[in-house]
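Report on the structure
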Amino acid sequence: MSALDVAALRKQFPALHQEVNGKSLVYLDNAATSQKPQAVLDALSHYYRADNANVHRGIHELSRRATEAYEDARTKVARYINAAEPAEVVWTRGTTEAINLVANAWGADNIREGDEILLSVMEHHSNLVPWQLLARRKGATLRYIEIDDEGRLILDDLPTLLTERTKLLALTHVSNALGTITPVKEIVAAAKKVGAVVLLDGAQGAVHTRVDVRDLGADFYAFSGHKMCGPTGIGALWGRRALLEAMQPWQGGGEMIEFVERDMSTWAEVPHKFEAGTPNIGGAVGMGAAVDFLTSLDRDAVAAHEHDLMAYAMERVGAVPGIHIYGPRSLDERSAVLSFTLGDAHPHDISTILDSEGIAVRAGHHCAQLVMKRYGVSATARASFYLYNTTREVDRLVDGLEAVRGIFG
Amino acid sequence: METPPLNSLYQQLILEHYRSPKNKGELPDKTVEIHMRNPSCGDEIRLQLRLEDGRIADAKFIGHGCSISQAAVSMMTALIKGRAIDEAGALAEKFKAMMHGDEAPAKDRAMGDLRALAGVSKFPVRVKCALLGFDALQEALKKTSAGDPH
């Protein structure tokens, strides 16, 4: 394994090279969305300039090319997560829509009154609210795996939480608010013993871990393109073929049908059954290009770089007087997310002051209000790193935090 | 857009109100209470007023949030206590105008400590923080004028 050439890598991301408030940009809001490499921008541009047409409809050349690009991208994404076949990958608007698809299409026939859906308090609202809606429709109950002071799931509770009433476990792979990497395989195995179906929210997991859906043992894996170098508005749901085939469609329209009669229609094969209407073809092409870009890199070197960067960030940011870092202390249990508070400076004030130094971080509840409640805070500041970030940028963050202390210290 | 210098935002007076807010706590004999939240950032206040004979006899608040939201509501309560309801309403209008860039209120002595918040108008994403208290005040006054005693 050779070291990652971060300087060369950064050159491929045009948006990183700009001044914000008179300072060179330090982009540390990657858990919200990543920047895009030139290869993805070029793929989007090429698609719209040369190949743009609707898919699976026309007989003409452009439609053939668009369909091919769209389905090639699906194959790339399937390979990226080691799906058994491309048909197990359904295009969606992103992680949120993928989860809503399962909550509606699978939930319709598989969740009944008295059933239980097991979540964790660490879930992003996108893996929580769809289940609240489903539970309310069906008279089902939500139960939660709690987290400890370091943001790790309390697995000791699993034997009492997982029962024959548990029909679904919906769990984050990597927490967006705390960075916690959940011990997925262990929990999935426990859920399988009681016959529960398992959905993993991979919005962060697909970015920072090497996902092998067959190895993880889950039934559904939901993720987004835009956090892993792709465009916004595109993501995917991976599901086991047998489950996808047994599910009813959740949206009706063109593309998802086979034959339409006056009173009834028959459905297209998976995955098209779940892709009503003209899809985000350009987005799919862009996500395919993002996967090409990521697989062209030495992924062990990327992982090592992110690990080293986090070690450095934990040490340097952790040494700032008044700082409180949330989430696991062990780097083996933590992804590239650093959630913190600083003295009595509110996270919004921290973010405004850092912004004046050209540093982009997120401040707020990170769409994880249950996590904020667990720690008795209304908000945290969050610096989240990606493959193009550097130790020099961590230094800039620390300098920025000193500026915060200068005002609030 | 270039952000203006931070010292136009974080004036000493704002930090003093943030650290040692005026009128923070429960108002046992309140006649109206408004709970106002800013869901995107978690800023939260409960504004409690005792209205008597068309005046704000007393005002207190409970809340948490960023320095701008909490300082603004602290300054506001200090200024509206003892004022006629109409006057308080006019103050809210002036403050909103100031947040939208009107420079006249920033020079108006009647605005008291609130003048220190004039710089917030140059930070558009923070304007909603500063407005939280006055949004609650306007709700409270609207509720009262609608004939609801509580």
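Residues numbered from 1 in each chain as written. Chains lettered and ligands numbered in written order. Predicted model: local features only at pLDDT ≥ 70, side-chain atom pairs only at ≥ 80, totals over all residues.

A closer look at the overall build of chain A
Counting secondary structure elements, chain A contains 15 helices and 17 strands. For chain A, the residues scored as buried account for 50% of the 409 residues in total. Of the contacts formed within chain A by residues at least 6 apart in sequence, a portion of 71% connects residues at least 24 apart. (Helix = DSSP H or I, 4+ residues; strand = E, 2+ residues; numbered from the N terminus. Buried ≥ 20, exposed ≤ 12 C-beta atoms within 10 Å, placed from the backbone. Contact = placed C-beta atoms within 7 Å.)

Quick word on the overall build of chain B
The secondary structure content of chain B amounts to four helices and three strands. Walking chain B from its N terminus toward its C terminus, one meets helices and strands in the order α-β-β-β-α-α-α. In terms of overall size, chain B behaves like a compact globule, its C-alpha atoms giving a radius of gyration of 15 Å where 150 residues would be expected to give roughly 15 Å. When its C-alpha atoms are laid out on the principal axes, chain B stretches across 45 × 30 × 25 Å. Burial status across chain B gives 41% buried among its 150 residues. (Rg over C-alpha atoms; globule rule 2.2 N^0.38 Å.)

Topic: the sheet that holds strand E9 (residues 220-224) of chain A
Hydrogen bonding along the main chain pairs the strands of a sheet, whether they run parallel or antiparallel. All names here are of chain A. A sheet is described by the order of its strands in space; here seven strands give the open sequence E4-E10-E9-E8-E7-E5-E6, paired in mixed fashion. A single partner strand is all that each edge strand has here, and the edge strands are strand E4 (89-92) and strand E6 (141-145). Ignoring strand direction, the axes of neighbouring strands in this sheet form an average angle of 20 degrees. Relative to E9, strand E8 (residues 197-201) runs parallel, the two sharing three bridges. In the sheet register, leucine 200 faces E9, and the bridge partner there is tyrosine 221. The strands that helix H5 (residues 129-138) touches are strand E5 (116-120), E6 and strand E7 (166-172); relative to E6, the one it contacts most, it runs at about 145 degrees. (Pairing = 2+ DSSP bridges. Axes fitted to C-alpha atoms, helices over the stretch in contact; angles between N-to-C directions.)

Here we look at the environment of leucine 25 of chain A
Residues and elements named next belong to chain A. In this structure, leucine 25 sits in the loop between strand E2 (23-24) and strand E3 (26-27). According to the C-beta neighbour criterion, leucine 25 is partly exposed, with 18 such atoms within 10 Å. Separated by 45 residues in sequence, leucine 25 and tyrosine 70 place their C-alpha atoms 34 Å apart. Contact partners of leucine 25, with chain neighbours within four places excluded, come to Leu16, Gln18, Glu19, Val20, Gly358 and Ala360.

Quick word on the domain arrangement of chain A
Residue and element names in this part refer to chain A. Each assigned domain of chain A is listed here: domain 1 (6-30 + 298-408) and domain 2 (41-295). Each of domain 1 and domain 2 has a C-alpha centre, and the two are 28 Å apart. Going through the elements one at a time, helix H12 (299-318), strand E14 (337-342) and helix H14 (369-374) are the ones with two or more residues in the side of domain 1 that touches domain 2. (Domains from an automatic or database assignment.)

Observations regarding helix H4 (residues 127-145) of chain B
Spanning 19 residues, H4 of chain B covers 27 Å between terminal C-alpha atoms, matching the ideal 27 Å at 1.5 Å per step. Along H4 of chain B, the helix axis deviates most sharply at glycine 133 of chain B, where the bend reaches about 35 degrees. Where H4 of chain B is concerned, the buried positions are Cys129, Ala130, Leu131, Leu132, Gly133, Phe134, Ala136, Leu137, Ala140 and Leu141 of chain B. Looking at the packing, one finds that the buried side of H4 of chain B touches helix H13 (347-356) of chain A together with strand E1 (32-38), strand E2 (43-52), helix H2 (67-80) and helix H3 (85-99) of chain B. (Expected span 1.5 Å × (residues − 1). Bend = angle between axes of the 7 residues up to and from the residue.)

With respect to the nonpolar core
The biggest cluster of nonpolar side chains holds 160 residues, and the ones touching the most others in it are Leu199 and Tyr221 of chain A together with Leu137 of chain B. If one sorts the elements of this core by residue count, H4 of chain B sits on top with nine residues. Both domains that furnish three or more residues to this core are identified here as domain 1 (6-30 + 298-408) and domain 2 (41-295) of chain A. Filtering out sequence-adjacent residues up to four positions away, leucine 137 of chain B remains in contact with Leu47, Met76, Ile80, Ala88 and Ala92 of chain B. (Core = buried A, V, L, I, M, F, W, Y, C linked by C-beta atoms within 7 Å.)

Examining the interface of chain A and chain B
Across the contact, 13 residues belong to chain A and 16 residues belong to chain B. A per-element tally of the side of chain A that touches chain B places H13 of chain A first, with six residues. Among the residues forming the side of chain A that touches chain B, the class breakdown is three nonpolar, eight polar and two charged. (Nonpolar A, V, L, I, M, F, W, Y, C, P; charged D, E, K, R; others polar.)

Let's talk about the confidence of the model for chain B
Should pLDDT be low for a region, the predicted coordinates there are not to be read in detail. For chain B, per-residue confidence averages 91 on the pLDDT scale, and 95% of positions sit at 70 or higher. Reported confidences for the modelled complex are a pTM of 0.93 and an ipTM of 0.87. (pLDDT = per-residue confidence, 0-100.)

Things to note about the environment of glycine 114 of chain A
For glycine 114 of chain A, the position within the fold is in the loop between helix H4 (95-110) and E5. Contacts of glycine 114 of chain A, omitting those with residues within four sequence positions, involve Gly139 and Arg165 of chain A.

Topic: the sheet that holds strand E3 (residues 55-64) of chain B
All names here are of chain B. With antiparallel pairing, the three strands of this open sheet are ordered in space as E1-E2-E3. Each of the sheet's edge strands pairs with one partner strand only, and the pair in question is E1 and E3. The sheet shows a mean angle of 20 degrees between the axes of neighbouring strands, taken without regard to direction. Sheet topology note: the E2/E3 ladder contains nine bridges and is antiparallel. Note on E3: the bridge partner recorded for glutamate 52 is arginine 55. Each of E2 and E3 touches H2; the most contacted strand, E3, lies at about 165 degrees to it.

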